[in-house]
Amino acid sequence: MLAKVLSSTVVGIDGMLIEVEVDVSNGLPTFAIVGLPGEEVRESRDRVRAALKNSGLEFPAKRIVVNLAPATVRKEGGSFDLPIAVGLAIASGQIKAEPVAGGGYLLLGELSLDGSLKPTRGILSMVAGVGSSSLAGVIVPKCNAREAAVCTEGPVFGVGALAEVFGVVSGSLRPAPAVASREVGPSDGHYDVDFSEVRGQEHAKRAIEVAAAGNHNLLMIGPPGSGKTMIARRLPTVLPSLSVAEAIETTKIFSVAGLLSLDGLLARRPFRSPHHSISDVALVGGGRVPHPGEVSLAHHGVLFLDEFTEFRRSALEVLRQPLEDRVVTISRAHSSVTYPANFMLVAAMNPCPCGNKTDPRKECRCSVGDVERYRRKISGPLLDRIDIHIEVPPARYSEIAGEGSSESSEAIRERVRRARALQQDRFSRDPGIFTNSQMLSRQMKQFCRLDARSADLLKAATTRLGLSARSYTKVLKVARTIADLEGVDGIETRHVAEAIQYRSRDYS
């Protein structure tokens, strides 16, 4: 007897509908799974056998063939346990599926040997990618129910054991559908840190504001203890809240990576801070079975690399593609997957090996050669892709011990929000472009026009400071953002002058 049930798999961060065909026929007892299954899928034979027996059903001693269609897509993970078990129970005649309008249920879930359902990663992506218009409902593990309900209009049933699934499929059990809010809660005011706690460092805070307003990459250079890490960790507090579309995309990445611990959409922009010992694969993604890396987990958020020069050079060089293309493409012999990686890179480093080169209170013992070799750890092409470079000097005692108040994150965030609103309106007809840092040549010609004085200033800076072509465009984009923060339509000389100051590494 043949039975067909529906399931889904993850390709990149998107779901694809998979038809699970189960055929039970007379012959020597065998259990074969075909259709390009991964190792975890092949192991489901033993889990399904034990789960059926411990759920009160018999495992048929017949010839069993399970086909996962289409056969050209590789299937990974344990989410096929549930559809295989249900299909086997129907094909062997032990349960009868109730005819339902809409083409049946979408079944997803990993089974324990006792028949209970375990949490399964990637549920959000699998449900969102399939859609629900042609389905009677979605059946998932109870702990994944609210996650699945975020991205589907149809009913989502969370179940705890295989026996409950049989009841839903046969029509004898109708649990209440899971309910989840699709609204993104505002992140404003819910952080444990605030820029009002940062004393002094006005130049660095101004650079952070400009970077946040235009989604520009930022490099901070300063001696140990100058506040680089403290400033970077407060950057998310001045970023605008995620839109619903951004929240869905970011939540899907965390779901695929198995890092989602919430019942709804992520409300805060991610802030990822990997250790400098991280491998290339962990940073950009990959592995035998490709998984998203830190650059994708920082999508629509911040990737903070502290001790920038301590990272492996190979790990830093693989950042060049995602910084330029905003995606990461991982190719394998059987497939190629693409993960989104539209993040803001914030890096921090010391000015020299001992860290005291720019500290007026301490003596630097590094030779000129030591400093040069230290700085050459970061390649020129990678530095070119970082829009803003700033020096962060050590804070003075009067600033640290002063009683005066510093500007709050809320005040800075409001200016950033207004600047980003201008950019969204400006690029409303340009799909895929939302901030100034994403502008291409056509948008730059239209929105980054300079008057004669500004053009002369930029020409002189390009000639005297030896700015590359990419650095030239970065200056223009940053100048456009500075003008947006002031609410000015045209780029003026003072905007260009400030933008040029943020390229210190090009001539230091």
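Cut-offs and rules
- Residues numbered from 1 in each chain as written.
- Predicted model: local features only at pLDDT ≥ 70, side-chain atom pairs only at ≥ 80, totals over all residues.
- Heavy atoms only, no water.
- pLDDT = per-residue confidence, 0-100.
- Helix = DSSP H or I, 4+ residues; strand = E, 2+ residues; numbered from the N terminus.
- Contact = heavy atoms within 4.5 Å.
- Pairing = 2+ DSSP bridges.
- Phe/Tyr/Trp six-rings, centres within 6.5 Å; stacked < 30°, edge-to-face > 60°.
- Buried < 20%, exposed > 50% of the residue type's maximum accessible area, 1.4 Å probe, protein only.
- Lys NZ or Arg CZ within 6 Å of the ring centre and 35° of its normal.
- 1 Å grid on protein atoms, 1.4 Å probe; cavity = no way out; pocket = protein on both sides within 12 Å on 5 of 7 lines; lining within 4 Å.
- Points joined across faces, edges and corners; volume = space filled by probe spheres on them.
- Core = buried A, V, L, I, M, F, W, Y, C linked by side-chain atoms within 4.5 Å.
- Axes fitted to C-alpha atoms, helices over the stretch in contact; angles between N-to-C directions.
- Parallel < 35°, antiparallel > 145°, perpendicular 65-115°, else oblique.
- Left-handed = near helix turned anticlockwise from the far one by under 90°.
- Nonpolar A, V, L, I, M, F, W, Y, C, P; charged D, E, K, R; others polar.
- Salt bridge = Lys/Arg side-chain N within 4 Å of Asp/Glu carboxyl O.

Undergrad: Give a detailed account of the confidence of the model for the protein, specifying residues and quantitative values.
TA: Parts of the prediction with low pLDDT should not have their coordinates interpreted in detail. Overall, the predicted model of the protein reaches an average pLDDT of 89, with 93% of residues at or above 70. By mean pLDDT, helix H16 (residues 397-401) is the weakest element of the protein at 68, and strand E14 (residues 302-305) is the strongest at 97. The model gives residues 185-189 a pLDDT under 50, and that stretch makes eight contacts with residues more than four places away or in other chains.

Undergrad: Tell me about the sheet that holds strand E11 (residues 271-272), and please be specific about residues and values.
TA: The parallel open sheet is built from five strands, whose spatial order is E11-E14-E17-E10-E18. In the strand order of this sheet, the two ends are held by E11 and strand E18 (388-391), each with one partner. Sheet topology places strand E10 (residues 218-221) next to E18; four bridges connect them, and they run parallel. Directly across from Ile-221, in E18, lies its bridge partner Glu-391.

Undergrad: Would you mind going over the packing of aromatic side chains in detail, with residue names and values included?
TA: Summed over the entire model, instances satisfying the criterion amount to four aromatic pairs. Plain terms: the ring middles of Tyr-105 and Phe-157 are 6.3 Å apart, the flat faces sit at 70° to each other, and that makes the pair edge-to-face. On the criterion of sequence distance, the pair formed by Tyr-105 in strand E5 (residues 105-107) and Phe-157 in strand E9 (residues 156-159) is long-range, its members being 52 residues apart. For the residue pair Tyr-105 and Phe-157, the accessibility class agrees, reading buried in each case. For Arg-49, the ring lying beneath its charged end belongs to Phe-59, and the centroid distance is 4.5 Å.

Undergrad: Quick one: what's the story with the layout of surface pockets, residue by residue and with numbers?
TA: Quantified by volume, the largest pocket comes out at close to 950 Å³. For the largest pocket, the lining is made up of 41 residues, of which Asn-342, Gly-432, Phe-434, Thr-435 and Gln-438 are closest to its centre. Space inside the second largest pocket adds up to approximately 620 Å³. Along the walls of the second largest pocket sit 30 residues, with Thr-9, Val-10, Glu-76, Gly-77 and Val-289 positioned nearest its centre.

Undergrad: Outline the nonpolar core, supporting the account with residue identities and numerical values.
TA: Membership of the largest hydrophobic core comes to 47 residues, with the highest contact counts inside it found for Leu-218, Met-220, Leu-235, Val-346, Ile-388, Ile-390 and Tyr-502. Element by element, the count of residues in this core is highest for helix H7 (residues 202-214), at seven residues. Here Val-346 is in contact with Leu-218, Met-220, Ala-232, Leu-235, Val-302, Leu-303, Phe-304 and Leu-305, once residues within four sequence places are set aside. If you look at the next biggest cluster of nonpolar residues, it comprises 40 residues, including Phe-80, Ile-90, Ala-91 and Val-169.

Undergrad: How would you summarise the pairing of strand E3 (residues 30-34) if you had to cite specific residues and measurements?
TA: On E3, burial follows the alternation: Phe-31 and Ile-33 on one face are buried, whereas Thr-30, Ala-32 and Val-34 on the facing-out side are not. Relative to strand E4 (residues 63-69), E3 runs parallel, the two sharing five bridges. Among the inter-strand pairings, Phe-31 is bridged to a residue of E4, identified as Ile-64.

Undergrad: Summarise unusual backbone geometry; cite the residues concerned and give the values.
TA: Backbone phi values are negative for most residues with the exception of glycine, while trans is the configuration of most peptide bonds. In this chain, Ala-69 is followed by Pro-70 through a cis amide linkage whose omega measures 5°. Topologically, Pro-70 is positioned in the loop between E4 and helix H3 (81-91). The phi dihedral of Leu-36 is positive, around 60°, even though this residue is not glycine. Its place among the elements puts Leu-36 in the loop between E3 and helix H1 (39-42). Under the relative-accessibility criterion, Leu-36 is labelled partly exposed at 33%. At Arg-326, a residue that is not glycine, the phi angle is positive and equals roughly 65°. Among the secondary structure elements, Arg-326 is positioned in the loop between helix H13 (320-325) and strand E15 (327-331). A relative accessible area of 15% places Arg-326 in the buried class.

Undergrad: Please give an account of the packing of helix H2 (residues 44-53) against H3 that cites residues and values.
TA: At a minimum axis distance of 10 Å, the contact between H2 and H3 shows a crossing angle of 55°. Between H2 and H3, the angle is such that the two are oblique. When you trace H2 past H3, the crossing you get is right-handed. Listed contacts from H3 to Ser-44, Arg-47, Val-48 and Leu-52 of H2 are Asp-81, Ile-84, Ala-85 and Leu-88. Taken together, the residues of the contact of H2 with H3 break down into five nonpolar, one polar and two charged.

Undergrad: How would you explain the pattern of salt bridges if you had to name every residue and give the values?
TA: According to the stated counting rule, one finds 29 salt bridges in the structure shown. One salt bridge connects Glu-197 with Arg-234, and the closest N-O pair in it is separated by 2.6 Å. A residue pair is termed long-range when its members are at least 10 positions apart, and Glu-197 in the loop between helix H6 (162-170) and H7 and Arg-234 in the loop between helix H8 (228-233) and helix H9 (244-256) qualify at 37 residues. Judged by its relative accessible area of 39%, Glu-197 is partly exposed. Where Asp-484 meets Arg-480, a salt bridge forms, and the shortest distance between an N and an O atom there is 3.1 Å. On the criterion of helical spacing, the pair formed by Asp-484 and Arg-480 is a turn pair, its members being four residues apart in helix H20 (residues 469-486). For the residue pair Asp-484 and Arg-480, the accessibility class agrees, reading buried in each case. Salt bridges sharing partners connect three or more residues here, namely Glu-43, Arg-47 and Asp-81.

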